[in-house]
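Understanding the architecture of this molecule
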Amino acid sequence: MRANRINDTLHEECAVFGTAVDSTEAAGITYNALLALQHRGQEGAGIAVLKDNTIACHKGVGLVSEVFSGEAIHTLPASSFAIGHDRYSTTGKNSVENAQPFVTEYLKGRIATAHNGNITNSGALRDKLAAFGCGFTASSDTEVISVLIAYEAVRHERIEEAVAAAAGQLGGAFSLVILSSEGKLIAVRDSHGFRPLCLGKNEGGCRQRELRS
């Protein structure tokens, strides 16, 4: 019983992870990363991967081992790009609809978004986007972020520009990982750096470009 009480206190408001590798094992790498980050959220988990300019996603309510029990991880296609999320809800009820990553489709393609943090103006942004005809299926502020990026992607030539434009409209503290059907993985942290976000590289290196809103 003591162990259960200790585990009940290990809520750290979500974990986000993204990987771009030379192999096609991005989903497995992300799964292992989410297991290691499980202490940051035990309410839900999900992984999105990029394959042939399409995004596939599997997510659900529960621990990583529960969401990806049995052969579930193998339903995701082999890929070099993936993002993942462990959820500890701060907005929106704990449901599969609010599990992350969120996949949003728009005129130019698709994006998957995973988020850690709190967006203080998410209500106003939701109202603004709804007035423009954007639809919502969940109650999470992460969906607002994903829809906002998709909206800006229609207005900008490059997805990096769209992410920067969207990030500049977000109030609060956040870290984001975004997977684009254009074959790009983007990581963003709010200008104050309140939420943890690390960038690493392996033998193949990594390409980094700072986005300014």
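Here goes a summary of the coordinates provided. (Residues numbered from 1 in each chain as written. Predicted model: local features only at pLDDT ≥ 70, side-chain atom pairs only at ≥ 80, totals over all residues. Heavy atoms only, no water.)

Time to look at the packing of helix H4 (residues 122-131) against helix H5 (residues 141-155). It is the contact of H4 with H5, at a shortest axis distance of 10 Å, that shows an interaxial angle of 45 degrees. Regarding the angle of H4 to H5, the classification is oblique. Read as a crossing pair, H4 and H5 show a hand that is left-handed. Facing Ser122, Leu125, Arg126 and Leu129 of H4, the residues of H5 in contact are Asp141, Glu143, Val144, Val147, Leu148 and Tyr151. Of the residues assigned to the contact of H4 with H5, the class counts are six nonpolar, one polar and three charged. (Axes fitted to C-alpha atoms, helices over the stretch in contact; angles between N-to-C directions. Helix = DSSP H or I, 4+ residues; strand = E, 2+ residues; numbered from the N terminus. Parallel < 35°, antiparallel > 145°, perpendicular 65-115°, else oblique. Left-handed = near helix turned anticlockwise from the far one by under 90°. Contact = heavy atoms within 4.5 Å. Nonpolar A, V, L, I, M, F, W, Y, C, P; charged D, E, K, R; others polar.)

The strand order S1-S4-S2-S3 describes an open sheet built from four strands, whose pairing is antiparallel. Unpaired on one side and paired on the other, strand S1 (15-20) and strand S3 (54-61) mark the two borders of the sheet. Adjacent strand axes in the sheet meet at a mean angle of 10 degrees, parallel and antiparallel pairs treated alike. Relative to strand S4 (residues 81-87), strand S2 (residues 44-51) is paired through seven bridges, and the arrangement is antiparallel. Across the sheet, the residue bridging to Ala48 is Ile83, located in S4. (Pairing = 2+ DSSP bridges.)

Moving on, we get to the pairing of strand S8 (residues 184-189). Taken together, the six bridges between strand S7 (residues 172-180) and S8 define a ladder with antiparallel strand orientation. The partner of Leu176 across the bridge, within S8, is Val188. Hairpin connection between S7 and S8: a loop of three residues separates the two successive antiparallel strands, and Gly183 in this loop has a positive phi of roughly 90 degrees.

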